[in-house]
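# Report on the structure
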Amino acid sequence: MKAAFRLLLLLILVLISEVNGQRRKPGRKPARPTPEPVEPTELPPPLPPGPPSIFPDCPRECFCPPDFPSALYCDSRNLRKVPLIPPRIHYLYLQNNFIDSLPEESFKNATELRWVNLDNNRIKKLDRRVMEQLGSLVFLYMEKNQLKEVPSFLPANLEQLRLSRNQISKIPSGVFNKLEHLVLLDLHHNKLSDGVFNKNTFRGLKNLMQLNLAHNILRKLPPGLPSAVHQLFLDRNNIEDIPDDYFKEFPNLAFLRLNYNQISDKGLPKNSFNLSNLLVLQLAHNKLTTMPFINPKLEHLYLNDNSIEKINGTQICPTSLVTFQEYSSDLENVPRLRYLRLDGNQLKPPIPLDLMMCFRLLQSVVF
């Protein structure tokens, strides 16, 4: 009896084992639950709202200074969208966020804005309807965004436009025509090439004083630059030569920067920099082998890191050089050069005597 019971129990255990074996499918792991989606995917979360402001119209994600009622600080708060801007605001700070557009709704009451800082965001384009509302805007800062062309329909009262460190490769026709009040245009560190510019590109910029086209991909000096310019930055391009009398078109030019280009003696006419108002000339990191001729009024000259082997002070002196004994003690009419940098060339000391006889006001020479 006991033997039969044991045999029956063993048979039941074998059947149970076979059934369990059939249920299992070899090589297949049990499915894992799908994780909840994370939003936003790669951006840090927005900062929590701040304490209530004394101004009832102040957006909670921003800061409204009690002692500066016309300013609104929304910078560095991980914002994705522009909040509703109160009509009393003149100065708006939105830099260092993740904003990708400027909605018309946010600016519908902000018709008195004078200063907007949008640096370091993700903006690719400006809405025409927003720009047309901002008729009082004077300063627009949009450095380090994702613009691919200079925005159109800019407010006519703009005085400063900073668009550096974008991806700009296009300047639409007529985009500057109505900006006669603009005094500063910064386009450095973009993707501007020679084909972007023509004689009408900068038409309308009658009062532009500073133009920055540095760190682009220019091989030639652009045509049609504003004649009123005082400061011109063209360093870190691939410019090889300078056309005859190119800079004569800018009677007020006082500061010229051409560092880190490919300019050689062959591409440099003798009187290229003989400009009566030029005070600072930077030609470092080019391919010059001789010192260029300069105007007597130039005060600072940078020629470091070229291939200059020899300097003839008599030849480059902008005034007639007489012997040291006959040189007048009156320094009023001598060349005004005060700072000269020549290091990084192939020169050997000592400094040539005729150079020092010509430029008697030199206070510092880096040789």
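About the cut-offs
- Residues numbered from 1 in each chain as written.
- Predicted model: local features only at pLDDT ≥ 70, side-chain atom pairs only at ≥ 80, totals over all residues.
- Heavy atoms only, no water.
- Helix = DSSP H or I, 4+ residues; strand = E, 2+ residues; numbered from the N terminus.
- Buried < 20%, exposed > 50% of the residue type's maximum accessible area, 1.4 Å probe, protein only.
- Contact = heavy atoms within 4.5 Å.
- Areas by Shrake-Rupley, 256 points an atom, 1.4 Å probe, with all protein chains shown as cover.
- UniProt positions renumbered as here; feature names shortened; annotations may be inferred.
- Phe/Tyr/Trp six-rings, centres within 6.5 Å; stacked < 30°, edge-to-face > 60°.
- Polar contact = N/O pair within 3.5 Å; in protein donor to acceptor, adjacent residues only side chain to side chain.
- Salt bridge = Lys/Arg side-chain N within 4 Å of Asp/Glu carboxyl O.
- Patch = residues over 30% accessible without salt bridge, like charges linked within 9 Å, V, L, I, M, F, W, Y side chains within 5 Å.
- Disulfide = S-S within 2.5 Å.

On to the overall build of the protein. Along the protein, the regular secondary structure elements total four helices and 13 strands. Expressed as a percentage of its 367 residues, the buried residues of the protein come to 42%. Restricting the contact set of the protein to residue pairs at least 6 apart, pairs at least 24 apart contribute 46%. As displayed, the protein has an accessible area near 20800 Å², and 52% of this comes from carbon and sulfur atoms.

With that out of the way, let us pick up the UniProt feature "domain: LRRNT" (unreviewed entry) in the protein. Residues annotated by UniProt as "domain: LRRNT" (unreviewed entry) correspond here to residues 57-91. The span residues 57-91 is 0% helical and 11% strand by assignment, and the distance between its end C-alpha atoms comes to 15 Å.

Another aspect to go through is the packing of aromatic side chains. In this structure the tally under the stated criterion is 15 aromatic pairs. For the ring pair Tyr73 and Tyr93, a centre distance of 4.5 Å and an interplane angle of 0° mean the geometry is stacked. In this pair, Tyr73 sits in strand S1 (residues 71-73) while Tyr93 sits in strand S2 (residues 91-93), placing the two residues 20 residues apart along the sequence. Looking at Tyr93, the relative accessible area reads 15%, which means it is buried.

Attention now moves to the side chain of Gln95. Note on placement: Gln95 falls in the loop between S2 and strand S3 (115-117). On the basis of relative accessible area, Gln95 is assigned to the buried category, the value being 14%. If sequence neighbours within four positions are ignored, Gln95 has contacts with Asp75, Ser76, Asn117, Leu118, Asp119 and Asn121.

The subject of this paragraph is the side chain of Asp343. The topology assignment puts Asp343 in the loop between strand S12 (339-341) and helix H4 (353-358). Relative accessible area serves as the criterion here: at 19%, Asp343 is assigned to the buried category. Within the structure, Asp343 has its side chain in polar contact with the side chain of Arg341 (distance 2.8 Å). Those residues within four positions of Asp343 in sequence are excluded, and the remaining contacts are Asn304, Asp305, Val366 and Phe367.

This next bit is on the pattern of salt bridges. Counting across every chain of the model gives nine salt bridges. Across the salt bridge formed by Arg129 and Glu104, the nearest N and O atoms sit 3.6 Å from each other. Placement of the pair is Arg129 in helix H2 (residues 128-133) and Glu104 in the loop between S2 and S3, with a sequence separation of 25 residues. According to the relative accessible area criterion, Arg129 is partly exposed, its value standing at 48%. Taking relative accessible area as the criterion, Glu104 reaches 31% and is therefore assigned partly exposed. Here Glu299 and Arg338 are joined by a salt bridge, their closest N and O atoms 4.0 Å apart. Here Glu299, found in the loop between strand S10 (280-282) and strand S11 (300-302), pairs with Arg338, found in the loop between helix H3 (313-316) and S12; they are 39 residues apart in sequence, far enough to count as distant. Overall, the relative accessible area of 26% leaves Glu299 in the partly exposed class. A single network of salt bridges, built from pairs that share partners, joins Glu104, Asp127 and Arg129.

The next subject is a nonpolar patch on the surface. Residues Ile351, Leu353, Met356 and Phe367 make up a contiguous nonpolar surface patch of roughly 330 Å² in combined accessible area. Looking at where Met356 falls in the secondary structure, it is placed in helix H4. Taking the relative accessible area as the measure of exposure, Met356 reaches 33% and is therefore partly exposed.

Bringing the state of the cysteines into the picture now. A complete count under the given rule lists three disulfides for this structure. Each disulfide pairs two cysteine sulfurs, and for Cys58 the partner residue is Cys64, the sulfurs being separated by 2.2 Å. Measuring the twist about the S-S bond at about 100°, one finds the Cys58-Cys64 disulfide to be right-handed. Here Cys58 falls in the buried class, since its relative accessible area comes to 10%. Here Cys317 engages in a disulfide with Cys358; their sulfurs sit 2.0 Å apart. Between Cys317 and Cys358, the S-S dihedral sits near 90°, and the bridge is therefore right-handed.

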